[in-house]
Each structure stands twice: as C-alpha cells, then as structure tokens.
Amino acid sequence: MTELDLLYSEVEEDLRSAVRAVLADRCPPQAVLARCEGPEPYDTGLWRVLAEEVGVAGLPVPEALGGAGASLRESAVVLEELGRACAPTAFLGSAVLATTVLLAADASAELTALAAGERTATLVVALPTAPEAPFPLGVRATGTGELTGTVAWVADTPAVGLLIVPADGPAGPGLYAVEAAEATLTPRGSLDLTRPLADVCLTGAPGRLLIGPDRAEAVLRQALLTGAALLCSEQLGLAEWCLATTVAYLRERRQFGRVVGSFQALKHRLADLWLDIAGARAAARAAADALASGASDAAILVAVAASHCSDTAVRAAEEAVQLHGGIGMTWEHPVHLYLKRAKADQLALGTPGRHRAALAALVDLPAPGAVATPRVPHV
Amino acid sequence: MTTAEELRTRTADLLAAHDPAATEPLEFLRARFDAGLAWVHFPPGLGGLGAPRALQAVVDAELAAAGAPDNDPRRIGIGLGMAAPTVLRFGTEEQKQRFLRPLWTGEEVWCQLFSEPGAGSDLAALATRAVHEAGDAEGGGDGPGGHWTVDGQKVWTSSAHLARWAILLARTDPDVPKHQGISYFVCDMTDPGVDVRPLRQLTGEAEFNEVFLTGVRIPDAHRLGAVGEGWKIAQTTLNNERVAIGGHRTPREGGLIGLLADVWREQPGARTHELHQRLLQGWTDAEVLRLTAERLRQQLAVGQPGPEGAAAKLAFARLAQQLTGLEVELLAEEGLGYGDWTMSRPELVDFTGRDAGYRYLRAKGNSIEGGSSEILRNIIAERVLGLPAESRSDKDVPWKESAR
C-alpha cells in the first residue's frame, strides 16, 4: 500500500485562496440562482477570470503548452471550491475529463488552447457512465473518420468548442476529436440547474482520431476514473458549504425561547454529519493523491471515496434543507441548488452502488454466485 | 534538539550495554527508562530526553529489530495513556520520581477511579468524599500536609484487581458547585479500606470491577494539583484517553473488517445479496475510518492537531457495532453458538481471539466506555461546530443542594 499524503500543501492552500476570492467576488449563491434559468447557464465571464488570472483551465497541462504542470491534487482543490460555490463552470468536463484524454493523446494544439482558456472541451459520454463500464459503442466511425450516432445525457456542452467522442471504428474502439459546430446539441431538462445536460447527435461529422483501438478503452477508463476521483472533492466542498451554512443558521434561529442549535437532537445530527465529512475529506484526498502518484491501489481508493463522498454530499444537502425549515423549501434560498447538484453528482460517473460493486471485484469480496476473482494484492 | 541520528546512537549504546538476549526483561526495561528511551518526549530523568514525540518511532523500530523486550503497553494502557501524562503535568517532582518509572516498566499497574454508580456521563456529579485531617510539623499524621480520609463507591474500574495504584477523583468541598469541589489523588490499592469486587458483564466475563472505599487514608503528598482543581486536571486525563482509544494505526482490511471479509471468502454458501451490500458498505466505512485516522496522524506529525480525535472514537464505536452484528448473521447457524459463559477475569479485551458472539456483545461497550457516543457528539457540536450548550440547571448550585 502506498504512503498517501492526505494533507494540503502550501501551494494548494494558495491556489484555494485565489479560487475562493474569485468565486466570492463573481459567484455568490444569489448570482448562481439568478443565472440558472437564463439563456447562458454557464458563466463564461467567470470561466475567463478563473482560466486567465488563476490558471485553473490547464492545471495538469505541461508548462510548455501554457499549463501549470501541476498534479491532479491541485485540480481537486479547485473542485472543492467550485463545489462550495455550486459554481456553474465546465471545469469537470473540460479541465478534468477531456483534458485527461488529450494528455494521453499528446494533443498539443488542443491542450494549449484549453490551457489558455480560449476553448473548452467535453467528453461525450452519458454523465452516469462508471469507470468500469464497457466502452460505449453508440457512435460509429468510418475509416475516414466520419462519426454517426447519438449520446444522451452529456454534461458541460454549452459554449463548448471541442467534443471528445468515444466511437466504434472499423478497426475497433477509438477516441475522436470533433468540432462542436459539426454536432447537433439538444438541451435536456436537467435536475442540476448548474450543470446542464444535452444530447449530442452526430451525422457523418468529421472526426480526427486521437487514440486508436490499442489504447482507447484504457484511456477512456482512466479519464472516467480521474473524473470520479475528482468529483469527490467537488462533493466534499459542497457538503462543507451545507454544514457551515446550516450551523450558522441554527446559531441565529430562535424557537421555544432559545437558539435552535442548542437542542441536542439537532446537535447530534450535525455532529454525525461533521463526522461523515471528516471521512469524506480524508477519502477525497486519498483518491486524488493516489491518482496523482500513480498508486497501484488507486482504483480501490477511488471506489471507496466515490461511494462515501456521493452519499455524504446528498445527506449534507438533505439535512441542510430539513434543518432550515420552511425557508429551505423556498426557491429564493440557494440550498436547493446544492441539493440538486448533490443528487445529480451521486449519479455522475458511477452511483455509490456501482462503485461498491467495482470494489467487490477489486478486493475479492464476490457477490453470491459470482465466480471468485483471483485475490488482488492491495497492501 | 535531539535528532533521529542521536537517538539511533543512544539506542545502539543501550543495546551494547544490555544485550537483550542475556538480560532479564525487567532489568532491560529499567535500563531503557534510565537511558531516556522510554518516551523520548518526556523530560530527562523521567524516561525521556525532551525530544520530539514523533521520534519515538525511531527508537521503537531499532529496539524491535534487536529483539528487545517490550513493556506490553496494552496491559498497562491506563497507566501509560491516562496516569502518566497527568502525573507529568500536575505532579510534584517527588511524585514524578516515585511513580513514572515503575509505571512505564509495568512493575506497577494503574487503574482509574473516576466513574460512580451515580456519575457516569455526568462525571462531575461524583459523590465519593475526601475529608482532610491536618498532620503535625514533626511528621506525625502523614507529615505536615496531613492526610485525607476517603469514603465512596466507584464502578467500571478496569484492572482494579491487578492495580498497585489508582488515579482517584473525590469531592473535597460539597458547598461549592459540582465542578469546583473536586480534587485529584493517587490512591494506594493495597490500602485495607479498598475493596475490589468483580463486576460481571453481559459477555459473561468480569473485565471491570466495583471498588468500595471505606475510610481509605491517602497522605496529602499523594494529592495531584491543588485542592479543588481536580476537574480541570481530569480533563487532561480524559483527553489523553480519547487520543489513546482512537489513535491506532491499522492496515487496510485490518481488525474487525478483516475477520468479516475472511468469513465471506471462506463461506460461499452463506452469501446473500443483502449481506453482500452490507458487507461492501462496512468495508467502505472501515477504509474511510482508516484514512480519517491516517489523516489525523499526518496532521499531528506536522503540528496541526485536528479535532478528529473524538471523531475517530465515535466512528470506531459505530463501525465496530455494525460489523460485529453483521458477522453473527453471516455465520448463520454457527452464529447461534457462544464459546464459554464461565466467568473469567481477562487482563485485556481480546476482540480477535474470541468468537463472533463475544465480539458482538463486547462491541456494545464501545459506545459507552471512555466517553459515550452521546457525550462525544456534544463535544463535536459545541467545541468544533460552535453550537451552544444545552441549558443546565445544576451548574451554579452548590453540590450538596443539587438534585441527584
């Protein structure tokens, strides 16, 4: 078992402060709420500031290509802050999922444009796709790279420039780059107002092969595993906001002649939630660090973190709604944005149940009737 | 400041002067204490060198590699984890010199006389009385400080039947509110007024004791800290207890989840989908707790202690109960059995060496002993989240007038 670094470095704390300052200035909860029903769901102005001034768009991109040459640990810290603000940005799709594929493909020109904040990209898979799911074959590619097919429930498509499309070609599965202008994007009604979803329809769209059949499955899996790992940090930040906001409210709100937060029944619920969040922090850091360092047990740590952080974020948001009482049910209080994000995140990149099922194989705890897998060394 | 290199040299010197293969274990342990290698963060002369606490691991690793005897820290856990840090912080020079060395070598076992039948979670409500009698200047009546006469009953006392000494909380002033009139003593367990009776528990064995104190005479020289300051001193003891309970470092799938996982692998016939879901949830929870404890350890190592100490104990209790209950179910018919109901007096809680039924029953204590889960949740809510305390009616009332 690898020695994990579960703390935050000074560089990471500096990055956190910078991102948090931008978000406090440009993305307060009321502004997110005001935007979410409008014509431009993603805040492109905010993205430009984060990309150009803080440099978050190209964190893991090499410095030679205009990126920061950082590790996934830093991307995880950015996601904590984006989760805390429930920020409407395409960071997960562009700077995590698509970037992981482009890095594997050594796609210098695309990475340079992404790191500069000039373009964004997204990975064209249904958002619920789990890392260990079979390679999606809904899009067919011809030998000359023309792509046809539809993928539903794709995240982070608004304002996107570049699509990274898994497709089944004559030689086998491949990952292709397609200009978004060549595709038809049909928005879906989305549970999470701050992360819109769309169906992507391709009819003979010209694509460029990025990763061929020899590596396509492994690279897609790595991208989904990375996304699932870093989503834990978004869920952590989201849960921390819910707890902090609820605690602040319960210290103010009075009923029965006393501050509501002095009732033991409520204190114990919040203490239990705090405990789960302390676990989420350790698990999310472990998953990010394991991927950043290429640890051999990374898949185990991602499965553990993904199932725990998903459930913790949902519970934090549900508790926040309940403990805010009537105000928690209103549209004007932003806590519903967090509830919707938390519930959608629970389905994204593998549900908790799917991650635990993946774990069963990884640590040799087979389901009833399953053929026992060889024991994977994990210590 | 002492470096790891200096500690390696000192350890090598100790091993050269006292070959572990040819030295009596007790003699070796005494020599180790005198060399300052017992707990390196303690002051020189008291088993330490005033070195950073983290460097203890360097010494322990070298000595283990050389096959040196250890002092069985589990058997003397109460002395090491609770009495020693309190004596070090609040004891007189004479008390430190008298108590710490035999405590560390294991020659003298300690127990803790805090809880009472009427004072568990509300520990400050304790009723055991200590009444002072002055001595005379010539040394009669236990010297110029005189002595205290103690009467009362204590309960849940682990190791009392083995102990030479006890840390004892007793009420020395009933006329002031309950937190103020308590003092802290070291009680001689061989005193004729000390009566230790086994307290059989739901597992069948008697791990704990009731202790009846009748006219026990404690010299004033065995008082720790100032008269009436016992509650504050007890906070040091209790905080150290929680760190000790939650601070273990376990490997992945270590402890209870390992036992459960092995049962699953070895008994394919007992598997159901419902048990599988609960097993995977338990495995995930165990790994999250392991990572939380590891993160706490890393924070401590860089001098950023977090409040996760209380959390680790709370989470451990919850998990232990969940996992042991699942294990009994998973064993099916075999889960109906129980090894032995004969009353025994174990020196240690042996979770892994006994059967699943024992583990299930014993784990019920994890959320009660060393601070109940309810009290720990209050601590987190009030000290970490900053929520207000419940209103208490007896906080400013003299103890003797409070409702009990």
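Here, every reference points to the structure presented above.
Note that the structure is predicted; figures quoted are calculated from it, not measured.

## Structural notes on the pattern of salt bridges
Under the counting rule described, the total for this entry stands at 55 salt bridges over all chains. A salt bridge links Arg258 of chain A to Glu390 of chain B; the nearest nitrogen and oxygen atoms lie 3.6 Å apart. One end of the pair, Arg258 of chain A, is in strand 9 (residues 258–259); the other, Glu390 of chain B, is in the segment after helix 11 (373–384), on a second chain. Relative accessible area serves as the criterion here: at 26%, Glu390 of chain B is assigned to the partly exposed category. Across the salt bridge formed by Glu327 of chain B and Arg359 of chain B, the nearest N and O atoms sit 2.8 Å from each other. Here Arg359 of chain B lies in helix 10 (residues 356–363) and Glu327 of chain B lies in helix 9 (residues 308–330), a separation of 32 residues in the sequence. Here Arg359 of chain B falls in the buried class, since its relative accessible area comes to 5%. When salt bridges that share partners are traced, they join Glu13, Arg16, Arg20, Glu80, Glu81, Arg84, Glu240 and Arg281 of chain A into one network.

## Structural notes on the interface of chain B and chain A
Taken together, the contact pairs 45 residues of chain B with 51 residues of chain A. Summed over both sides, the interface between chain B and chain A buries roughly 4,200 Å², with carbon and sulfur atoms accounting for 64% of that surface. Area buried by chain B at its contact with chain A is led by Arg252, Arg295 and Leu385 of chain B, which between them contribute 17% of it. In this assembly, chain B and chain A are joined by six salt bridges. For Asp297 of chain A, the salt bridge identified is with Arg252 of chain B, shortest N-O distance 3.0 Å. Inspection of the chain B/chain A interface yields 19 residue pairs in polar contact (both at pLDDT 80 or more). Sorting the residues of the side of chain B that touches chain A by element identifies helix 7 (256–266), helix 8 (273–301), helix 9 and helix 11 of chain B as the ones contributing at least two each. In terms of residue count, the dominant contributor to the side of chain B that touches chain A is helix 8 of chain B (16 residues).

## Focus on the layout of surface pockets
A volume near 360 Å³ is recorded for the second largest pocket. As for the second largest pocket, its lining consists of 19 residues, and the residues nearest its centre are Asp276 and His308 of chain A together with Asp285, Val288 and Arg318 of chain B. Mapped onto the lining of the second largest pocket, the elements with two or more residues apiece are helix 8 (264–292) and helix 9 (298–323) of chain A together with helix 8 and helix 9 of chain B. Split into classes, the residues belonging to the lining of the second largest pocket amount to five nonpolar, eight polar and six charged.

Each value, and the rule that gives it
Residues numbered from 1 in each chain as written. Chains lettered and ligands numbered in written order. Predicted model: local features only at pLDDT ≥ 70, side-chain atom pairs only at ≥ 80, totals over all residues. Heavy atoms only, no water. Salt bridge = Lys/Arg side-chain N within 4 Å of Asp/Glu carboxyl O. Helix = DSSP H or I, 4+ residues; strand = E, 2+ residues; numbered from the N terminus. Buried < 20%, exposed > 50% of the residue type's maximum accessible area, 1.4 Å probe, protein only. Contact = heavy atoms within 4.5 Å. Buried area = accessible area lost by both parts, 1.4 Å probe. Polar contact = N/O pair within 3.5 Å; in protein donor to acceptor, adjacent residues only side chain to side chain. 1 Å grid on protein atoms, 1.4 Å probe; cavity = no way out; pocket = protein on both sides within 12 Å on 5 of 7 lines; lining within 4 Å. Points joined across faces, edges and corners; volume = space filled by probe spheres on them. Nonpolar A, V, L, I, M, F, W, Y, C, P; charged D, E, K, R; others polar.

Take it as geometry only, folks, not as evidence of what the structure does.
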